[in-house]
Amino acid sequence: MTAAQPQAATQTPDWLPVGRLGDIPRLGSRVVETAHGPVAIFRNGVDEVFALLDRCPHKGGPLSEGMVHGRLVTCPLHAWNIHLDKGEAKAPDHGCVPRFEVKQEGDALYLNREPAS
Amino acid sequence: MKEKLILVGNGMAGMKVIEELQTIAPEKYDITVFGAEPYGNYNRIMLSPLLAGEKSLDDIMLNGDDWYTEHGITFHKGKEIIEVDRIGKRVFAADGTVEHYDRLLLGTGSHPVVIPVPGHDLADVVSYRDVKDVDSMLEASRKHKKAVVIGGGLLGLEAAYGLMQQGMDVTVVHLMPWLMERQLDETAGKYLQQSLEARGMHFRMEAQTSEIVGDDNGIERVRFRDGTEEEADLVVMAVGIKPNKELAEKAGLYCERGVVVSDTMQTFDPSIYAVGECVQHRGTCYGLVAPLFEQARVCANHLAGYGFRLYAGSVTSTKLKVTGVDLFSAGTFQDEDGVENVLYQDPATGVYKKLCVKDNRIVGTVLYGDTGDGTWYFQLMRDATSVADFRDSLLFGQAHLGDSGHGGVSQVSNLADDAQICDCNGVCKGEIVQAIAKEGLFTLDDVKSHTKAAASCGSCSGLVEQLLAATMGGDYEAGKGKPMCGCTEMSHDQVRQAIREGRLTSLRHVFDNLGWNTDDGCDKCRPALNYYLISTWPDQAEDDTQARFVNERMHANIQKDGTFSVVPRIWGGVTTPQQLRSIAEVAEKYEVPTVKITGGQRIDLLGVKKEQLPGVWGDLSDAGFVSGHAYGKALRTVKTCVGSEWCRFGVQDSTTCGIELEEMTWGTWTPHKFKMAVSGCPRNCAEASIKDFGVVAIESGWELHVGGNGGVKVRATDVLCRVETTDEVKEYCAAFLQLYREEARYLERTAPWIERVGLSYLKERVVEDDDGRRALAERFHASQKQAQEDPWKFYSKNHDDKFEPLRRAS
Ligand code: SRM
Ligand SMILES: Cc1cc2nc3c(=O)[nH]c(=O)nc-3n(C[C@H](O)[C@H](O)[C@H](O)COP(=O)(O)OP(=O)(O)OC[C@H]3O[C@@H](n4cnc5c(N)ncnc54)[C@H](O)[C@@H]3O)c2cc1C
Ligand code: SF4
Ligand code: FES
């Protein structure tokens, strides 16, 4: 796998180069192992990219294995739907999973090392 | 500029259209709602619990004021529209408000009928229609003791019950010889009367009111045609409803009994639609929520510009919402030519059941005392399912059709509030009932998402449907023709037909051509569509991996900790020392934590990590194994017994037959999982009688069984037929499997499918029609050409590292 050339804006230690858009299947996801645990990077049908900790707020299911639709991912274990852009479970379920910022520069993807507040 | 849509009548039907529009075309209209009542939209059918003091006004609100604001809808509360100017496309409210519309929707409901006897306009004479009426009754019940309810129909009895709960002494006056004569026959009507009398309600039957006697200080008594009288301080008139069509009539729209609409819910003015009780469709006016909601969905579909749904009328059912009284009625049940009555009556327990059957189809039913099977009979009636195959046990209910899963608890109404309904998610009756009322839930899906009941294995769906029916009183929205998910208005059957007729071969085609309201579907429709595409067009359609659940994408079963289990195919359950050794080596090499013999005569390697999958598969594949599809909506196992080769009782070689069946069918994708078994004699050690396709050896050949299920709802198979040779077994198997693949709905196993379409139908297609059977079998074999490529072999070599993390930075 080829990591992108770090560019000026992303030279700061906060941003971790993780690969290219093309490494992630459309309507799918890939995992990055981080200091906080596995983070799932999702790509939806219109090439928006989101990142969530790969642990469902329900019982820790791997969200990276879920089905992506619109801006939602359905957890593979018990089918909760999680908002990719907020990390919150879709009503009527309740729960929240840490979300990470992803930056796209050209084709390259950078993951913020710290969860967004 | 958005087009402007105005709704006149903030009631249940009209607002259902608006809610639908919010999901299917949220951007299309600028919406304004006029409602004569000073409230948001409330659940009118819950007025009875409100009157009985079992609910508060807040409990029965469907859309409070905030809802309108949140959705950007202008809400004119408490403003009545008094005129429509169709030329200028404007509406005028009583307070002088004038608004322009592009499209107008009328949902004005109906008026209570008032009998114009002298005294009908006295202050303490009320009807029963809205919150205001309930308030008047509640106020009267605080001041007075004695109420007379005129009308022994559904509304009258519910009003009477509510007033009794408020401490009043109530007499119901009814013109006819028995209660609810439109929904009940004489026997059931009399049972009902007895049980209400036992609760302290009084009746005057066949009595015609001639005058309400009283003055400005209040009512004194009600006088009848025969000269007798009944004391009263409050009179409730509940003798019927008539469509509220005045506004439409005044605007020059064509009306008969109600506002006449077409199958698209359009009035004679193409820019004016109408739904609900004010409407007359194909000669019928409806007075229950379920048909009105069907109308609303069709109407929203046309307002949204999709234009493919048609309203074809509804079959309705009734349930009385009086706590502790169980009655259910649907269809026609009066004696007439060609209709046979199937009856059960036990005066001691107060149970009465009547099923009216014509040409082996149920055309009507009245149940009293035990209504547990009401929803089932209703379903059979609406689907016009032939009951010929199980007519003799029809009265004993669905439980006697092999549904022993919940045999003991069919009468959900008798259960205590803390009785657990959903055993998977631990949801009790009380929680479900409360959610239905509080959240305004009308469908099984609503209940699933709000309470999680029936959301896992689904075996309690029937009970939840009963609760819905019991809590909502009348008919609630049920299965048939219901949209496959929130992304579309179309049902499974309609989508499938469109895929076939429109030659649609990809998900994109489906989304674009069938007007999906999401860009890429959802977790419900995507897998179903993918299945319909590949089963309809095995040569043309491309299997979309992102439309598959993780197990089918990974070709392994996901476990609770995110690892996977791998089950290699063991043909007919027969293995060799060499195979066992290979599996053992793989287990050791990859440090597989658990090795387990499955219930399907195979070996499960549990706890394999995702990144190990290609390696495990590759090694198994090199040792000659293929995927067992233990994860798929696909052919699973073919269990066999030792059969005539070893067993002292065996009459045929069940093992070889099983292996041949598995070799023929492995790899196929099916609507739900598909399991088979072959037993060597009628002792049936392979448990063929609970398989989707079971084969039992007999002296003269083989007996073929279909539609068994051993999971949540145990169902024993039906016997399809007997054949002589193994080749015939294979031909029948291929034909049956193909029919299932082509006609069952996604996630419908053979057991419910057979109960839906009937065994006779399967016999017609698979047994009696020789050419048809061969054609089906041929289509099956054709589709297998693509299917029998082992996914493990493929993915162990072509995986582009995608089983690895994208990056390790920990
Ligand atoms: C492994 C196994 C249990 C075992 O250790 O023996 C098993 C394991 C699971 N079964 Fe099963 N079933 C297994 C035999 C059965 C049997 C027995 C049989 O096939 O003879 C039944 C009853 C027979 C039947 O299906 O009619 C059975 C009825 C179910 C059901 C209920 C199906 C139904 O229609 O009622 C489910 C739930 C579902 O499919 O929705 C289910 C679902 C599951 C799932 C897939 C649950 C899930 O979604 O994760 C389990 C996967 C575990 C895994 O990762 O391997 N399993 N399951 C068995 C695998 C057999 C095989 O070799 O492939
Ligand atoms: C006590 C009671 C119990 C019931 N129980 C059941 C049951 O158990 N099961 C069942 O299925 N059904 C039941 N129903 C029937 C069900 O409530 C109705 O079928 C349903 O509410 C009709 O919906 P609608 O939208 O057509 O009319 P409504 O809900 O009556 O709405 C019409 C609204 O339009 C308003 N309106 C009328 N004209 C104008 C105007 N010119 N300008 C502005 N606003 C106007 C009215 O004020 C009203 O709010 C019950 C009804 C009652 C009264
Ligand atoms: S293997 Fe089957 S029975 Fe056992 S826990 Fe899983 S789903 Fe339930
Ligand atoms: S762990 Fe995600 S839904 Fe249960």
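Residues numbered from 1 in each chain as written. Chains lettered and ligands numbered in written order. Predicted model: local features only at pLDDT ≥ 70, side-chain atom pairs only at ≥ 80, totals over all residues. Heavy atoms only, no water.

**Here we look at the overall build of chain A**
Secondary structure assignment for chain A yields zero helices and nine strands. Seen in sequence order, chain A has helices and strands lined up from the N terminus as β-β-β-β-β-β-β-β-β. Sorting the 117 residues of chain A into buried and exposed places 53% on the buried side. Once local pairs closer than 6 in sequence are excluded, the contacts in chain A between residues at least 24 apart make up 37%. Of the accessible surface of chain A, which amounts to about 5100 Å², a share of 49% is contributed by carbon and sulfur atoms. (Helix = DSSP H or I, 4+ residues; strand = E, 2+ residues; numbered from the N terminus. Buried < 20%, exposed > 50% of the residue type's maximum accessible area, 1.4 Å probe, protein only. Contact = heavy atoms within 4.5 Å. Areas by Shrake-Rupley, 256 points an atom, 1.4 Å probe, with all protein chains shown as cover.)

**Digging into the interface of chain A and chain B**
One frequent convention defines the size of an interface as the accessible area lost when the parts assemble. On the side of chain B, 31 residues touch chain A, which itself brings 31 residues to the contact. For the pairing of chain A and chain B, the buried interface totals around 2500 Å² over both sides, and the portion due to carbon and sulfur atoms is 57%. Our enumeration of links across chain A and chain B arrives at three salt bridges. The partner of K610 of chain B in a salt bridge is E65 of chain A, with the nearest N and O atoms 3.0 Å apart. At the junction of chain A and chain B, the tally comes to 11 residue pairs in polar contact (both at pLDDT 80 or more). Of all the elements in the fold, those that place two or more residues in the side of chain A that touches chain B are β1 (15–20), β2 (28–34) and β5 (67–69) of chain A. Broken down by element, the residue count for the side of chain A that touches chain B peaks at six residues, all from β2 of chain A. A class-by-class count of the residues in the side of chain A that touches chain B yields 17 nonpolar, eight polar and six charged. Taken together, the two bridges between β2 of chain A and strand β39 (residues 807–808) of chain B define a ladder with parallel strand orientation. (Buried area = accessible area lost by both parts, 1.4 Å probe. Salt bridge = Lys/Arg side-chain N within 4 Å of Asp/Glu carboxyl O. Polar contact = N/O pair within 3.5 Å; in protein donor to acceptor, adjacent residues only side chain to side chain. Nonpolar A, V, L, I, M, F, W, Y, C, P; charged D, E, K, R; others polar. Pairing = 2+ DSSP bridges.)

**A short note on the site of ligand 2**
Residue and element names in this part refer to chain B. Taken together, 36 residues lie near ligand 2, and A13, E37, R129, E277 and K321 sit nearest. In the environment of ligand 2, a nitrogen atom lies 3.0 Å from a nitrogen or oxygen atom belonging to the backbone of A36. Within the backbone of I81, a nitrogen or oxygen atom sits 2.9 Å from a nitrogen atom of ligand 2. Computed on the free molecule, ligand 2 has an accessible area of 1000 Å², of which 95% lies beneath the protein chains in the complex. When residues of the shell around ligand 2 are traced back to their parent elements, those giving at least two are α1 (12–24), β2 (29–35), α5 (154–165) and α8 (289–303). Top contributing element to the shell around ligand 2 by residue count: α1, with three residues. Classifying every residue of the shell around ligand 2 gives 15 nonpolar, 13 polar and eight charged. (Near = heavy atom within 4 Å.)

**Considerations on the state of the cysteines**
Applying the stated criterion across every chain, the model contains zero disulfides over all chains. Looking at the unpaired C525 of chain B, the closest cysteine sulfur is the one in C485 of chain B, lying at 3.7 Å. (Disulfide = S-S within 2.5 Å.)

**Regarding the pairing of strand β1 (residues 3–8) of chain B**
All names here are of chain B. Of all six residues that make up β1, five are buried, and the element is covered over most of its length. As defined by bridge partners, β1 adjoins β2 across six bridges and the pair is classed as parallel. Within the sheet, the bridge partner assigned to V8 lies in β2 and is F34. In this region the chain leaves β1, passes through α1 and returns to the parallel neighbour β2; the handedness of that crossover is right-handed. The sheet contact formed by β1 and strand β9 (residues 103–106) spans four bridges and is parallel. Residue pairing in the sheet places I6 in a bridge with L104 of β9. (Right-handed = clockwise from strand over helix to strand, strands pointing away.)

**Focus: α1 of chain B**
With 13 residues, α1 of chain B ought to run about 18 Å at 1.5 Å a step, and its terminal C-alpha atoms sit 18 Å apart, in line with that. Looking at α1 of chain B, one finds that the buried residues are M12, A13, G14, M15, K16, V17, I18, E20, L21, Q22 and I24 of chain B. (Expected span 1.5 Å × (residues − 1).)

**Considering empty space enclosed by the protein**
Residue and element names in this part refer to chain B. For the coordinates displayed, the defined rule picks out two cavities of 30 Å³ or more. Within this model, the second largest cavity holds a volume of roughly 40 Å³. What lines the second largest cavity is P112, V113, Y128, L155, M237, A238, V239 and G240. For the lining of the second largest cavity, the residue count by class is seven nonpolar, one polar and no charged. (1 Å grid on protein atoms, 1.4 Å probe; cavity = no way out; pocket = protein on both sides within 12 Å on 5 of 7 lines; lining within 4 Å. Points joined across faces, edges and corners; volume = space filled by probe spheres on them.)

**Thoughts on the site of ligand 1**
Residues and elements named next belong to chain B. Around ligand 1 sit 21 residues in total, of which Q559, G599, K673, G710 and R749 are the nearest. In the environment of ligand 1, an oxygen atom lies 2.7 Å from a nitrogen or oxygen atom belonging to the side chain of T598. Separating an oxygen atom of ligand 1 from a backbone N or O atom of G599 is a distance of 2.5 Å. Tallied by class, residues from the shell around ligand 1 come to two nonpolar, 11 polar and eight charged.

**Re the environment of A159 of chain B**
All names here are of chain B. Note that A159 resides in helix α5. Since its relative accessible area comes to 0%, A159 is described here as buried. In this structure, the C-alpha to C-alpha distance between A159 and P49, residues 110 residues apart in sequence, is 9.6 Å. Setting aside anything within four residues of it in sequence, one finds A159 in contact with L51, Y128 and V236.

**Examining the pattern of salt bridges**
Any two side chains of opposite charge can pair, so long as their charged atoms come close to each other. Residues and elements named next belong to chain B. Scanning the model with the defined rule gives 55 salt bridges over all chains in all. For K4, the salt bridge goes to E99, with nearest N and O atoms at 2.5 Å. With K4 in strand β1 and E99 in strand β8 (residues 98–100), this residue pair connects regions lying 95 residues apart in the sequence. The residues K4 and E99 share a single accessibility class, namely buried. For R569, the salt bridge is made with E662, and the minimal N-O distance between the two is 2.7 Å. Of the two residues, R569 sits in the loop between β31 (564–566) and α17 (577–589) while E662 sits in helix α19 (residues 654–665), which places them 93 residues apart along the sequence. Put simply, E211, E220, R221, R223 and E229 are held in one network by salt bridges that share partners.

**Remarks on the nonpolar core**
Residue and element names in this part refer to chain B. Judged by nonpolar contacts, the single largest core of 52 residues is most densely connected at L157, L163, L192, L196, M201 and V236. Among the elements that make up this core, the one with the highest residue count is α5 (six residues). With near-sequence residues (within four places) excluded, L163 lies in contact with L51, M137, A147, V149, M168, V170, L234 and V236. In terms of nonpolar packing, the next biggest core, distinct from the first, is built from 51 residues, I499, L504, W617 and W669 among them. (Core = buried A, V, L, I, M, F, W, Y, C linked by side-chain atoms within 4.5 Å.)

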